[in-house]
Amino acid sequence: MTHYQLIVIGAGPGGYMAALQGAKNGLKTAVVENREAGGTCLNRGCIPTKTLLHSSEIYSNAINGAHAGINVRDIQADIPAIFAYKRQISEKLSGGIESLFKAAKVDLIRGTATITAPGGIEVTDSEGQKAAYTADNILIATGSVPAMPPIPGLDLPGVMNSDTLLEGADHLYESIVIIGGGVIGVEFATFYSELGCKVTIIEGLDRLLPNMDRELGQNLAMILKKQGVAIHTGAMVKQVRKTGDGLEVDFTAKDAENTVSGEVVLCAIGRRPNTAGLFAEEVAVEMNGRSIAVDEKYQTSIPGIYAIGDVSSKIQLAHVATAEGIACVDGICGKQSSVNMSIVPSCIYCRPEIAVVGMTEAEAKEAGLEPRVGKCAMFGNARTLIADTGRSFMKVVARGDTGEIIGAQLMCEHSTDIISQLGEAIANRLTASQLLLAMRPHPTFEEALTDALTDLQAKL
């Protein structure tokens, strides 16, 4: 029986980085994975979705380029080729991770792991063969799977979750109904609407992106509606029905019964921790709802067994899993993590992009911080005018008493590349005046941040 100092279950962003960190710290390390290296993010989430959005952006820019003097004829979106490109990118990145394992002397064990005891696991391969391993430390990084609510009809052909939708299709759907107006829903809505598909979004709460600053969801709804996307908020889905030409979704909104139809339906209401088959019957860890409960060192209720990422974290983001995986392994090795785990940026790749970090104005008010908000509506930003990206803005939130930056909400092109400097400002308790010491180049989208900070400084 092979013994390791660290066995990681799951080779997603949290798992593979934790394994590499273990090897870096001198631990004899193995990773157990039953699918492709890279996990959901690389193969069925972040990377595939952004690759599809890159393709739809090229198409949309081409057919909508008349304002910039570009007129294209007979342009077509080749759906099989688009999804083939998506697979090519994922396979290349997945292969790169396996190469990193080999270079770091991390053993990649193919199969499905079951924790049979503290320090013990059993791995079942694709042919049903079982092998046992022992470890000083076991790190669970099994991620999450799409959540499917108990709505009648979700098992019908043509009803998909994000995983099945990303497997691809042989043609562009004429119409799609998306249940859920969160991050997953609006990114797929952006992709399909840019390709000319008729898109309908049904969201149960009062706006799109309900967990974010209100203005972000409201602004995105206006942009998507302008593109022809039908949006129903405050709507509760009752059932999905099969019709001769596709599917119909019955829902209630504003005390009225409604029905929308589509060739296919995407259920995009979120994800749940992936714990199925993870523990043998005689092994029980404390749970926090559906998530595995962990302490501040990511240790479960069983000593020597740890959990990070979507399977245990409140925030299901790849970079959170990565940071937790590294911090957990460093803790096992007696080292201190250098990353502030309370400051988490979140990005959405719609048009224009959305990126947020820290607190919103509403959250700061609830915390009694008497916030001040600086804002720049980017109508006069040169790059925004050139790119014709639609209504864009930046908001920066500061404490009213100290002037320290505590949050930011950006909705503009390249906001996902700009947001980190605001996370750094929060982590280092910088003020608007300190951030204004930096010169920002012209012409860039980023220079609008100077205007938002100037507006904020005037209110402090």
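For clarity, every value in this text was computed on a predicted model and none was experimentally measured.

Description of the overall build of the protein chain
Along the protein chain, the regular secondary structure elements total 13 helices and 24 strands. Counting across all 460 residues of the protein chain, residues that qualify as buried make up 51%. Long-range pairs, those at least 24 residues apart, make up 62% of the contacts in the protein chain with a sequence separation of at least 6. When the accessible surface of the protein chain is totalled, it reaches about 21,400 Å², and 50% of it is carbon and sulfur. In the protein chain, 39 positive and 52 negative side-chain charges are present, and the distance between their average locations comes to 2 Å.

Details of the layout of surface pockets
Of the voids in this model, the second largest pocket is the one considered here, and its volume is about 870 Å³. What lines the second largest pocket is a set of 29 residues, and nearest its centre among them are Ser60, Asn61, Ala387, Asp388 and Thr389. Every element with two or more residues in the lining of the second largest pocket is listed here: helix H3 (46-63), helix H6 (183-194), helix H7 (214-226) and helix H10 (382-387). With four residues, the single largest contributor to the lining of the second largest pocket is H3. Class assignment of the residues belonging to the lining of the second largest pocket gives a composition of ten nonpolar, eleven polar and eight charged.

What about the packing of H3 against H6?
Following both chains from N to C, one finds H3 and H6 inclined at 35°, their axes separated by 8 Å at the closest point. Our pair here, H3 against H6, has a crossing hand that is left-handed. Here Thr49, Lys50, Leu52, Leu53, Ser56, Glu57, Tyr59, Ser60 and Ile63 of H3 come into contact with H6, specifically with Glu187, Phe188, Thr190, Phe191 and Glu194.

As for the state of the cysteines
The full count for this structure, using the stated rule, is zero disulfides. Unpaired in this structure, cysteine 46 has its nearest cysteine sulfur neighbour in cysteine 41, at a distance of 3.0 Å. By relative accessible area, cysteine 46 is classed as partly exposed at 30%. Cysteine 46 supplies the cysteine sulfur nearest to cysteine 347, a cysteine that is in no disulfide, at a spacing of 10 Å.

Some points on the packing of aromatic side chains
In total, this model carries four aromatic pairs according to the counting rule given. On the basis of an interplanar angle of 45° and a centroid distance of 6.4 Å, the ring pair of tyrosine 4 and tyrosine 133 is categorised as tilted. Here tyrosine 4 is found in strand E1 (residues 2-9), whereas its partner tyrosine 133 is found in strand E6 (residues 130-140), with 129 residues between them in sequence. Measuring from centroid to centroid gives 4.8 Å for phenylalanine 191 and tyrosine 192, while their planes differ by 75°, and the two rings are edge-to-face.

Here we look at the nonpolar core
Ranked by size, the top nonpolar core spans 41 residues in total, and within it Tyr192, Val199 and Ile354 carry the most contacts. Those elements giving two or more residues to this core turn out to be H3, helix H4 (79-104), strand E9 (175-179), H6, strand E10 (198-202), H7, strand E15 (264-267) and strand E21 (354-358). Among residues more than four places away in sequence, those in contact with valine 199 are Ile176, Ile178, Ala189, Tyr192, Ser193, Gly228, Val229 and Ala230. Core analysis: the second largest hydrophobic core is formed by 26 residues, Ile418, Ile426, Ala448 and Leu453 among them.

Quick look at the pairing of strand E5 (residues 120-124)
Looking at chain direction, strand E4 (residues 112-117) and E5 are connected through five bridges and run antiparallel. Counted as the bridge partner of threonine 112 is threonine 124 from E5. Taking the residues that link successive antiparallel strands as the turn, the E4-E5 hairpin has two residues, and the phi of glycine 119 there is positive, at about 85°. Taken together, the five bridges between E5 and E6 define a ladder with antiparallel strand orientation. Looking at E6, one finds that isoleucine 121 is bridged to tyrosine 133. In textbook terms, the turn of a hairpin is the stretch between consecutive antiparallel strands, and for E5 and E6 this stretch comprises five residues, one of which, glycine 128, has a positive phi near 85°.

What counts, and at which threshold
Per chain, residue numbering runs from 1 following the sequence as it is written. Local features in this predicted model are restricted to residues whose pLDDT is 70 or higher, and side-chain atom pairs enter the listing and the counts only when it is 80 or higher, whereas totals over whole chains, interfaces and linings include all residues. Side-chain measures here rest on the full set of heavy atoms in the structure, leaving out hydrogens and waters. For the purposes of this entry, the term helix denotes a DSSP run of H or I that reaches at least four residues, the term strand denotes a run of E that reaches at least two, and both are numbered from the N terminus. Accessibility here uses a 1.4 Å probe with only protein chains present; expressed as a share of the type maximum, an area under 20% marks a residue as buried, one over 50% as exposed, and anything in between as partly exposed. What makes two residues a contact is simply this: any of their non-hydrogen atoms within 4.5 Å. In this description, accessible areas are obtained by the Shrake-Rupley approach with a 1.4 Å probe, and a residue is regarded as covered only by the protein chains that are shown. Residues scored as charged are limited to Lys and Arg (positive) and Asp and Glu (negative), so that His and the chain ends carry no count. To locate a charge, take NZ of a lysine, CZ of an arginine, CG of an aspartate or CD of a glutamate. In the cavity and pocket records, a cavity denotes points on a 1 Å grid over the protein atoms alone where a 1.4 Å probe fits but cannot get out, a pocket denotes an open set with protein on both sides within 12 Å along at least 5 of 7 lines, and lining residues are residues with an atom within 4 Å of a point. Grid points are joined across faces, edges and corners, and a volume is the space filled by probe spheres set on the points. Note on residue classes: Ala, Val, Leu, Ile, Met, Phe, Trp, Tyr, Cys and Pro are nonpolar, Asp, Glu, Lys and Arg are charged, and everything else, Gly too, is polar. Axis lines are fitted through C-alpha atoms, for helices just across the contact stretch, and the angle between N-to-C directions can take any value from 0 to 180 degrees. Should the near helix be turned anticlockwise from the far one by less than a right angle, the crossing is left-handed, and should it be turned clockwise, the crossing is right-handed. Cysteine sulfur atoms are paired as a disulfide whenever they fall within 2.5 Å. Geometry of aromatic contacts follows a simple scheme: Phe, Tyr and Trp rings, the Trp one being its six-membered ring, pair when their centres are within 6.5 Å, and the pair is stacked under 30 degrees between planes, edge-to-face over 60, tilted otherwise. We define the nonpolar core as a collection of buried residues of types Ala, Val, Leu, Ile, Met, Phe, Trp, Tyr and Cys that are connected through side-chain atoms lying within 4.5 Å of one another. Any two strands are treated as partners once DSSP identifies two or more bridges connecting them.

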